[in-house]
Amino acid sequence: MKRSAIAAAVLLVGLVVLAAGCGGSSTNSSVAPAFSSSQLSTLPTTNWITNGGSIANQRYSPLTQLNAGNVSRLKGIWHIHLRSGTAGKYSGEAQPIVYNNVIYVVTGADDVFAIDAKTGAKKWTYRAHLNQEIKTVCCGWTNRGVALGDGKVYLGQLNGKLVALDQQTGRIAWSTQVAHYQQGYTITNAPLYYNGRVYTGVSGGEFGIRGRLTAFSAKTGKEVWRFYTIPGPGQVGHNTWPADNNAWMHGGAPVWQTPAVDPKLGLLYFSTGNAAPDLFAAQRAGDNLFSASIIALDAKTGKYRWHFQEVHHDIWDYDATSPVVLFNVSVNGRTRQAIAETGKTGWVYILDRKTGKPLIGIDERPVPQAPTQKTAATQPFPRGDATVPQSVPAAAFRQFAKQLPKGTKLVDDGRIFTPFSPGGSILATPSSLGGTNWWPMSFNPNTGNLYVCGFNQPQLFAGGKSAAYEAGQSYEGSTFAPQGAPTGTFTAIDAATNRIVWQKQFSDSCYSGSTTTAGNIVFVGRNKGQLQAYNATNGKLAWSFQTGAGANNTASVFSLDGKEVVAFYAAGSALGGSPHGDDVWLFGLDGKLGPARAPSSGAAQAHTGEQRSTKKPSKAKPPASASTVNVGATEFHFKLSATTVHKGTVTFKITNNGGIPHNLRINNQQTPNIDPGSTATLKVTFAKPGNYPYLCTIPGHAEAGMKGVLKVK
């Protein structure tokens, strides 16, 4: 079947369902009903009722009023500030939900806002009042969205609670403690409402949790079923963990994103994060299911149906953190029911969603080994194109060599799956941020393309030792440090061939989800604040608008009073290192508001919202021979009292002035994680002059800027 025919068929189905009154404006109630599977499957028009636009997670709008020819005229209809989640530790990654002219959005502080879509007025606000002493947040305080259904707004919180709010008032209807943050469990994913239930995963792979996806009653909050992503004795996949220890009990495999559902097959799909401990794997021999995997469950019972593991026995943090997408595609002349997920490896994994078998081909190939890491003999290599580089050019290595630990070599050209061992270090790419990280891709049935943001940066992987598991404490086992400034790619992938159709090269990282439309548009955000629209067919830039803060989010497209509009929340990202803010925009062709003032580059590094010292800096230069170096840590920077010292023993006094834990590693020595307001001391002996890199080893912190080089004379 030709793509045009497939697109027409998809659009026809959507129109038929809308005619039946599903998801449209025919209802007179402002309160969301207990949505049927048909309503949740309908392509979004007057509403955007799920995180992914529909339970297929396509982030595709069938509206055509906005198109590649007129989108350049798009301006702001209104623009408001939320006054929440602006400090450096927060990230704004929650895609807006829309129902009957009300927009629902949640900030990184877990505060929820109901906003009148016509005026931008706030109808109600829910304040989570999170305990600011939570220490088990991996990668910045964030929330990726809410769910809607049965008259309630549902959100997961960083304190491990699943909360249902009354849709009309914002008051708590019920609250369930899914897991305890004191043991490493947090919730960052947007829940899914489906068939009278609310589904949520848990985060915390960096703290040795046992991952899970759980279904709760939407009416009462009571648990219906629970599926552990680390199987226990007697369960499918348990034999991929050692039989001589209890590594599986703290095996990780968190769930970072919102599931998708195929109602006809009765299957629910989601992807999983890293195994634990993350970067040192000697104690967890085996493939370590179901980490770094795509999983299909029976949506009603939670029973296992199939899985596909993207990375066996992962030691690079190459997990599957982007949400899965469901779509139909013609492969070799046959229409197939497909599922796709794009991983940190830089590949898109395209499978048959009935069976979990590759549609285009994924080959198991031998890879280099590190016996001390118990590495897997082979890894899956999808046939097709990667969206980011998967090796390090020799010229780039020479550029980084001066900042790398002495003896670091370019092994195997720094290719993906290059292993590392305790006491050694290697440079490889992609980094532990990806590839593609948490941000969603979109699918356009008209073009047949998937639209994928990519992060490109070589990384130093240095081997370490695994500490004993302790509840609520970091459980990583090694060190990694990105090298050089990241760049990005924005890529259109042909879903029928897994080949690049077009690709844009960005001078900074591509750190945003994408949304595409029948008007031949694809929207994507940029770190410096621009929300952009590209021609979905050829990749030509059609529109760029300054939102005022890092545009590290995903747009929602819907019809308001018969006119197509775009809702977007711009608040920046802690890990993306982008300017912070609290800006919510509604765009339309009738808009009169021009772009916001561009945030300064200083905002991207100092993180808007942090309190700054009013003291004038001292003009005195720090002593070159300092034997004591005072280090101030904030989100996400180190400030050293001296950047040059003499060889010998140096005492580092590190004070955490930020709001989340940090640590310091230098010359193969490291502090424990330092809680906010606390101080730690580290004595390090430098036997030889040279340049010694330092960094915070908590995942994502070095990428966001917590790194540097100390010069020893």
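### Section: the sheet that holds strand β15 (residues 260–262)
- Read from one edge of the open sheet, 4 strands run β15-β16-β17-β18, paired in antiparallel fashion. Two strands bound the open sheet, and with one partner strand each, they are β15 and β18 (304–309). The average angle at which neighbouring strand axes cross in this sheet is 20°, direction not considered.
- Looking at chain direction, strand β17 (residues 293–298) and β18 are connected through 5 bridges and run antiparallel. What sits directly across from Leu 297, in β18, is Tyr 304.

### A short note on the state of the cysteines
- Under the counting rule described, the total for this entry stands at 2 disulfides.
- Linked covalently through their sulfurs, Cys 138 and Cys 139 form a disulfide whose S-S length is 2.0 Å.
- The disulfide partner of Cys 453 is Cys 510, and the gap between their sulfur atoms is 1.8 Å. Looking down the S-S bond of the Cys 453 and Cys 510 bridge, the torsion is -45°, so its handedness is left-handed. Note that Cys 453 is positioned in strand β26 (residues 449–456) and Cys 510 in the loop between β30 (499–506) and β31 (514–517), a separation of 57 residues in sequence.
- For the protein chain, numbering the cysteines in disulfides from first to last along the sequence yields the connectivity 1-2, 3-4.
- Sulfur of Cys 696: no disulfide; nearest cysteine sulfur belongs to Cys 138 and is 11 Å away.

### Digging into the environment of Arg 127
- Here Arg 127 lies in the loop between β6 (122–126) and β7 (147–149).
- Considering only alpha carbons, one finds Arg 127 and Ser 84, 43 residues apart in sequence, at a separation of 9.2 Å.
- In contact with Arg 127, other than residues within four places in its own chain, are Leu 82, Arg 83, Ser 84, Asp 111 and Phe 113.
- Here the side chain of Arg 127 touches Asp 111 through a polar contact of 3.1 Å, side chain to side chain.

### Considerations on the nonpolar core
- Judged by nonpolar contacts, the single largest core of 89 residues is most densely connected at Tyr 104, Val 112, Phe 638, Phe 652, Ile 666, Phe 686 and Leu 710.
- Residues contacting Ile 666, with those up to four places away along its chain left out, are Phe 652, Leu 682, Val 684, Phe 686, Tyr 692, Pro 693, Tyr 694 and Leu 710.
- Ranked by size, the runner-up nonpolar core spans 37 residues in total, among them Ile 115, Leu 531, Ala 567 and Val 584.

### Things to note about the sheet that holds strand β12 (residues 197–201)
- Sheet architecture is open: 4 strands sit in the order β11-β12-β13-β14, paired in antiparallel fashion. Each end of this open sheet is capped by a strand with a single partner; those strands are β11 (192–194) and β14 (223–228). Within the sheet, the average angular offset between the axes of one strand and its neighbour, ignoring direction, is 20°.
- By the bridge criterion, 5 bridges tie strand β13 (residues 212–217) to β14 in an arrangement that is antiparallel. Looking across to β14, one finds that Phe 216 is bridged to Glu 223.

### Topic: unusual backbone geometry
- Look at the link from Ala 276 to Pro 277: it is a cis peptide, with omega at -5°.
- The topology assignment puts Pro 277 in the loop between β16 (267–271) and β17.
- The phi torsion at His 313 lies on the positive side, around 45°, for a residue other than glycine.
- Position of His 313 relative to the elements: it lies in the loop between β18 and β19 (325–331).
- Looking at His 313, the relative accessible area reads 1%, which means it is buried.
- Phi is positive for Phe 417, which is not a glycine, with a value near 75°.
- By the element assignment, Phe 417 lies in the loop between α3 (394–400) and β24 (425–428).

### So, the packing of aromatic side chains
- Applying the stated rule across the entire model yields 35 aromatic pairs.
- Aromatic pair Tyr 451 and Trp 502: ring centres 6.0 Å apart, planes at 40°, arrangement tilted. Linking Tyr 451 in strand β26 with Trp 502 in strand β30, this pair joins segments that are 51 residues apart in sequence. The two residues Tyr 451 and Trp 502 agree in class, both being buried.
- Taking 5.8 Å as the distance between ring centres and 70° as the angle between the ring planes, the aromatic pair formed by Phe 490 and Trp 502 counts as edge-to-face. One end of the pair, Phe 490, is in strand β29 (residues 487–494); the other, Trp 502, is in strand β30, and 12 residues separate them in sequence.
- We note Arg 210 situated over the ring of Tyr 228; from NZ or CZ to the ring centre the distance is 3.7 Å.
- Just above the ring of Phe 506 sits the side chain of Arg 526; from NZ or CZ to the centre is 3.5 Å.

### Brief notes about the pattern of salt bridges
- Evaluation of the coordinates by the stated rule reveals 18 salt bridges.
- Residue Asp 561 pairs with Lys 118 through a salt bridge whose shortest N-O separation is 3.4 Å. Residue Asp 561 is found in the loop between β35 (556–560) and β36 (563–570), and its partner Lys 118 is found in the loop between β5 (112–116) and β6; the two are separated by 443 residues along the sequence.
- The class of Asp 561 is exposed, set by a relative accessible area of 58%.
- Using a relative accessible area of 43% as the deciding quantity, one classes Lys 118 as partly exposed.
- A network of salt bridges, in which partner residues are shared, links Asp 150, Lys 152 and Lys 219.

### Let's talk about the side chain of Gln 95
- Turning to its location among the elements, Gln 95 is positioned in the loop between β2 (75–81) and β3 (97–99).
- Separated by 2.9 Å, the side chains of Gln 95 and Arg 59 make a polar contact.
- The residues touching Gln 95, leaving out its near neighbours within four places in the chain, are Trp 48, Asn 51, Arg 59, Arg 144, Thr 515, Asn 553, Thr 554, Ala 555 and Ser 556.

### Observations concerning the pairing of β30
- Bridge count between β29 and β30: 7 bridges; the pairing is antiparallel. Looking at β30, one finds that Ala 492 is bridged to Trp 502.
- Hairpin geometry of β29 and β30 is characterised by an intervening segment of 4 residues between the two adjacent antiparallel strands and by a positive phi of about 60° at Asn 498.

### Brief notes about the confidence of the model for the protein chain
- Chain-level statistics for the protein chain give a pLDDT mean of 90 and a share of 92% at 70 or above.
- Confidence over residues 1–28 falls short of pLDDT 50; this stretch has 37 contacts with residues more than four positions distant or in other chains.
- Note on residues 602–625: pLDDT is under 50 here. Beyond four places in sequence and across chains, it has 37 contacts.

### A closer look at empty space enclosed by the protein
- Counted under the stated rule, the structure contains 5 cavities of 30 Å³ or more.
- Volume-wise, the largest cavity comes out at about 280 Å³.
- Along the wall of the largest cavity there are 30 residues; nearest its centre are Cys 138, Cys 139, Trp 256, Asn 437 and Leu 575.
- Classifying every residue of the lining of the largest cavity by side-chain character gives 10 nonpolar, 13 polar and 7 charged.
- One number sums up the size of the second largest cavity: a volume of about 70 Å³.
- What lines the second largest cavity is a set of 15 residues, among which Thr 50, Asn 51, Pro 191, Leu 192 and Tyr 193 lie closest to the centre.
- Broken down by secondary-structure element, the contributors of at least two residues to the lining of the second largest cavity are β7 and β11.
- Looking at the lining of the second largest cavity residue by residue, the class counts come to 9 nonpolar, 6 polar and no charged.

Rules used throughout
- Within each chain, residues carry numbers counting from 1 in the order of the written sequence.
- Since the coordinates come from a predicted model, pLDDT governs what is reported: local features require at least 70, and pairs of side-chain atoms require 80 or more to be given and counted, while whole-chain, interface and lining totals use all residues.
- Derived side-chain values reflect all non-hydrogen atoms in the structure, with water molecules and hydrogen atoms excluded from consideration.
- Any two strands with at least two DSSP-identified bridges between them are counted as paired.
- In this text, helices come from DSSP runs of H or I with a minimum length of four residues, and strands from runs of E with a minimum of two, each type numbered from the N-terminal end.
- Orientation is described by axes fitted as lines to C-alpha atoms, over the contacting stretch for helices, and by angles from 0 to 180 degrees between their N-to-C directions.
- Two cysteine sulfur atoms form a disulfide, by the criterion used here, when they sit within 2.5 Å.
- For this analysis, residues touch if any pair of their heavy atoms sits within 4.5 Å.
- N or O atoms closer than or at 3.5 Å make up a polar contact, with two conditions inside protein: a donor-capable atom paired with an acceptor-capable one, and, for residues adjacent in sequence, both atoms drawn from side chains.
- What we call a nonpolar core is a set of buried Ala, Val, Leu, Ile, Met, Phe, Trp, Tyr and Cys residues that are connected through their side-chain atoms within 4.5 Å.
- The cut-offs for exposure are 20% and 50% of the maximum accessible area for each residue type, with area from a 1.4 Å probe on protein chains only; residues under the lower value are buried, those over the upper are exposed, and the others partly exposed.
- Here a Phe, Tyr or Trp ring, Trp counted by its six-membered ring, pairs with any other such ring whose centre lies within 6.5 Å, and the pair is stacked when the planes are under 30 degrees apart, edge-to-face when over 60, and tilted otherwise.
- Only when the NZ of Lys or the CZ of Arg is both within 6 Å of the ring centre and within 35 degrees of the ring normal is a charge said to sit over the ring.
- Think of a salt bridge as a Lys or Arg side-chain nitrogen and an Asp or Glu carboxyl oxygen that are within 4 Å of each other.
- Confidence scores here are pLDDT values: one per residue, from the predictor, ranging 0 to 100.
- A 1.4 Å probe that fits but cannot get out identifies a cavity on a 1 Å grid over protein atoms alone, an open set with protein on both sides within 12 Å along at least five of seven lines counts as a pocket, and a residue lines either if it has an atom within 4 Å of a point.
- Grid points are joined across faces, edges and corners, and a volume is the space filled by probe spheres set on the points.
- Ten residue types, Ala, Val, Leu, Ile, Met, Phe, Trp, Tyr, Cys and Pro, are classed as nonpolar, four, Asp, Glu, Lys and Arg, as charged, and the remainder, Gly among them, as polar.

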